[in-house]
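Each chain, written out:
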Amino acid sequence: MFGWIWRGIRTGVLTTHYPDRPDSLAPAFRGRPTIDQARCHDGACDAAVAICPTQALQSTPQGLRLDLGRCIQCGLCAEVCPQAIRMTPDFELAVQQQCDLVLNVDQIPDEEQVVPVARQALAQRVKDLRRSVHIRHVDAGSDGAVEQEIYALTNPFYDIHRLGLFFTPAPRHADVLLVTGVMTRAMARPLRETYAAMTQPKLVVAAGTAACSGGIYRGSYAVLDGVAAVLPVDVFIPGTPPSPLSLIYGLLLGLGRVAQRVPSQPSEPRENDIVVNPMSEPEGIAHSSVAVGEEDRL
Amino acid sequence: MSSLSRQSVTGEHYQGVPVASLRLDVEKRASSGQRLMMMVGRDAGDSIELLVAFDAGRQIEVLQSVVPMASPHYPALTPVLPAAAWYERELAELLGVQPEGHPDLRPLLLPPDWPRDVFPLRKSFSQRQRPAASSRPRSTVPVTGPGVFTIPYGPVRSGIFETTQFVVATAGEDVLHVDMQPGYKHRGVEKQFELLELEPAVLLAEEVSGTATIAHSMAFCQAVERALHLSIPPAARWLRVLTAELERLYNHFDVIARLCDDASQSVAQAQFAAFKEEILRNNVQISGSRFLRGVNQIGGVCRRPTPGILSRLRHDLGDLQRRSEDRIALLLRTNSFIDRLIGTSLLPNQLAAQFAAVGPVARASGLDRDCRVDRPYAAYDHCDWEVATGPAGDAMERLRVRIQEITQSFGLIAQALEALPAGPLAAPLPQSLPEGIAAFGWAESPRGEVLYWVRLGTEGRIDRCKVRSPSFVNWPLFTRAIAGNVLTDFGFAEHSFGLTQAGCDL
């Protein structure tokens, strides 16, 4: 007993100060690829497009197009065309709209450029749950690594309790539904039921490239190609698996506590953005009407 | 049998057997104590080829039978070999081969709404097909008696877990029976392999079970390398040992951290979780990925860490080893922790042998089984170490085996860093890949033996890739070991087995 207390004190504080102070993963970490097509020689970029195992990199008349929601950070493109493509350790990749994941290469911002949050509706919805948020995790067909990264969020290095984020087993108590995995056919119904059991306001976060698009399993007979096929997703966090820092960034992005760094694209508001302010509804009725409404929409 | 003739691969012996006498042959091998390694089915056009692979020391002995596609039936092996139960359920469901006389042919892996007459591993089924839903309710094994009720534990479970379902029958506190219903994570892995060429298929193997990236990619690569008779350069062999042991270290620390969590030992949990995090951060230096993605390629490895990174790794791991040994020694003196493990989820030696257990689970039940020694690969035949085993078979023994393996892994990493030679990292692939060649590949993951069987088709594509992870073998044993325990020990039992669902559901 005292042995553990003594060792705990002797270990000291390991915890990161992210996001108050910037943190970074090792320079070798493969995060977002950056592409400068002007520096490509001999059509090596075409070879990079051909080698991409998930068709995340595509050639369009406007130039190369990179879908972060499909990129599994394998780095093969950067090996084929090292002049133009470079893997950076950038981990702040989460976005609020699926279309923001698709980058035309010339739109990639400078490191310093910060883009304002595009969706006011989401900010409105989450304004009541900023400082004490409970997360329910559901695995919809992951490879198991992303669960370990989520579990790592509670270790002394990341300790998300300092940010007011907690995990809860009960969907009724949860504000955030954190979904991992490719979205298998078998998990569609359990996931819908979990979502329906949550009370408003609620936030759906798709964690990992697999959850954004199906990743390397895209198109498989048993896979529905990402969580967005089943639930309205509010935040997409690319990564294979997303690092704990990427997960923290994505969760805080959903809660409006950090700004989106990947440029936002103009888009029509989605149907589910128009949500009655749940605080104005009487208790009890809100629950049942939400549940019925969810079933109809899903 | 001429259509079945194969090129010879060292260490594999194929023997054609008529379907009618397959069961008798299997019974003989089972009673002589040979371990069932894997069952594979393959759509060969007008017939289905069945392979039953047995572990015969250094050699893999494979019985092969042909079942006509027009009437795909054969006498079930499960009545004479219980370890075949899940393989035969899988064959019936994915390939449509009916094992006659099988005691339990409920669906295992496909989604509950999957139509019963669509078999995804048949060649006539295209991967891009998504058949309409049909009603196929899941059924469970009935357990009746005074006061008995069942708890459906899953698919959405309490905590950060992979998805699966246990239907637990209990009369209050004691677990009477657990019926496991996996398959919620079925992603169609084996069919997905058939769409890919060899090199990108390594990336898929890395994502079969994301916490055993090295073991899965290495087993896949070694299957292809053995089929093509590729010889791997020494530097690649040692780098494979180095990364495989790093993978074992972080997984074993993860298991200890979760067991501490179950026992509410929060300081100990934080300490071991921090050790794991340190290794994941070192992994980034070596491979650019916390889970060692992008290390293996067919013929060798992709990259070699710089001497500076390797010397820092040596220093960091030396320091980590000293600290972790201190914490482990203290943990083994923490009575409130070990009291929860001693006698919990007992797996007797005989049961483990009967169901062909692998990995630390088998070794903690007295079975000396480790394919790093039994069929050495990479550079393990040049390493100096001992397989950790123990006789007791309870959660405590599984922890002890893992603790010994942590020490062994630190030693193996030191040896790899010492021995790592200069030279090329990969052998080149041959220009043309012959059609129809096949081989097994294996690797000892942190959870036990990962086994692949890969057969090449036309144009360098994969005709069939059978994946068998250790979790697929050990989950049925978990459901037997937990029976008779109290519900509050469920977490200890589950984490001491330390299995994954991703590798099982495929």
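None of the values given here were measured: they were computed from a predicted structure.

*Asks:* Honestly, the overall build of chain A in this entry has me stumped. Any pointers?
*Replies:* When you go through chain A residue by residue, the secondary structure sums to nine helices and ten strands. Taken across its 298 residues, chain A has 57% of its residues classed as buried. Sequence-distant contacts in chain A: of pairs separated by 6 or more residues, those separated by 24 or more amount to 81%. Total accessible area computed for chain A in this model is approximately 12200 Å², and 54% of it derives from carbon and sulfur atoms.

*Asks:* Would you take a moment to explain the sheet that holds strand β7 (residues 149–153) of chain B for this structure?
*Replies:* Picture the strands of a sheet paired through backbone hydrogen bonds; they go either parallel or antiparallel. Residue and element names in this part refer to chain B. What the three strands build is an open sheet, ordered β7-β8-β9; its pairing is antiparallel. Looking at which strands have only one partner, the edges of the open sheet turn out to be β7 and β9 (175–181). Averaged over all pairs of adjacent strands, the angle between strand axes in this sheet comes to 20°, irrespective of strand direction. When β7 meets strand β8 (residues 165–170), the two strands line up antiparallel, connected through five bridges. Across the sheet, P152 pairs through a bridge with V167, a residue of β8.

*Asks:* I tried to follow the nonpolar core on my own but got confused; where do I start?
*Replies:* Nonpolar side chains in soluble globular proteins generally cluster together in the buried interior. All names here are of chain B. Among the nonpolar cores identified, the biggest contains 177 residues, and Y74, F193, F220, F272, F440 and Y452 are the most heavily contacted of them. A total of 16 residues in this core trace back to one element, the largest contributor, which is helix α6 (residues 234–262). With near-sequence residues (within four places) excluded, F220 lies in contact with F193, L198, A201, V202, A205, I298, Y452, V454, I462 and C465.

*Asks:* I would appreciate a short explanation of the interface of chain A and chain B in the present structure.
*Replies:* Often the size quoted for an interface is simply the accessible area lost on bringing the parts together. Facing 58 residues of chain A, the contacting portion of chain B comprises 79 residues. Across the interface of chain A and chain B, roughly 5500 Å² is buried in total on both sides, 56% from carbon and sulfur atoms. Three residues stand out in chain A for area buried against chain B, namely W4(A), Y151(A) and Y221(A), and they jointly supply 19% of the buried area on that side. At the boundary of chain A and chain B, one finds seven salt bridges. Its salt-bridge partner being R7(A), residue D326(B) comes within 2.6 Å of it at the nearest N-O pair. Between chain A and chain B we count 34 residue pairs in polar contact (both at pLDDT 80 or more) in total. Of all the secondary structure elements, the ones that give two or more residues to the side of chain A that touches chain B are α1 (2–11), α3 (76–80), β6 (133–139), α5 (145–152) and α6 (188–197) of chain A. A per-element tally of the side of chain A that touches chain B places α5(A) first, with seven residues.

*Asks:* Quick question: what am I supposed to make of the environment of G250(A) here?
*Replies:* Residue and element names in this part refer to chain A. Inspection of the secondary structure puts G250 in helix α8 (residues 244–254). Under the relative-accessibility criterion, G250 is labelled buried at 0%. When the C-alpha atoms of G250 and P238 are compared, they prove to be 9.3 Å apart, with twelve residues separating the residues in sequence. The residues contacting G250, other than those within four sequence positions of it, are A94, V235 and I237.

*Asks:* Got a minute to help me understand the confidence of the model for chain A in this structure?
*Replies:* Atom-level detail of predicted coordinates should not be read off regions where pLDDT is low. Residues and elements named next belong to chain A. Residues of chain A with pLDDT of at least 70 account for 80%, and the chain-wide mean is 79. Counting interchain partners and residues more than four positions distant, the pLDDT-below-50 stretch residues 108–118 has 26 contacts. In the model, residues 268–298 has pLDDT below 50 throughout and makes 31 contacts with residues more than four positions away in sequence or in other chains.

Cut-offs applied
Residues numbered from 1 in each chain as written. Chains lettered and ligands numbered in written order. Predicted model: local features only at pLDDT ≥ 70, side-chain atom pairs only at ≥ 80, totals over all residues. Heavy atoms only, no water. Helix = DSSP H or I, 4+ residues; strand = E, 2+ residues; numbered from the N terminus. Buried < 20%, exposed > 50% of the residue type's maximum accessible area, 1.4 Å probe, protein only. Contact = heavy atoms within 4.5 Å. Areas by Shrake-Rupley, 256 points an atom, 1.4 Å probe, with all protein chains shown as cover. Pairing = 2+ DSSP bridges. Axes fitted to C-alpha atoms, helices over the stretch in contact; angles between N-to-C directions. Core = buried A, V, L, I, M, F, W, Y, C linked by side-chain atoms within 4.5 Å. Buried area = accessible area lost by both parts, 1.4 Å probe. Salt bridge = Lys/Arg side-chain N within 4 Å of Asp/Glu carboxyl O. Polar contact = N/O pair within 3.5 Å; in protein donor to acceptor, adjacent residues only side chain to side chain. pLDDT = per-residue confidence, 0-100.

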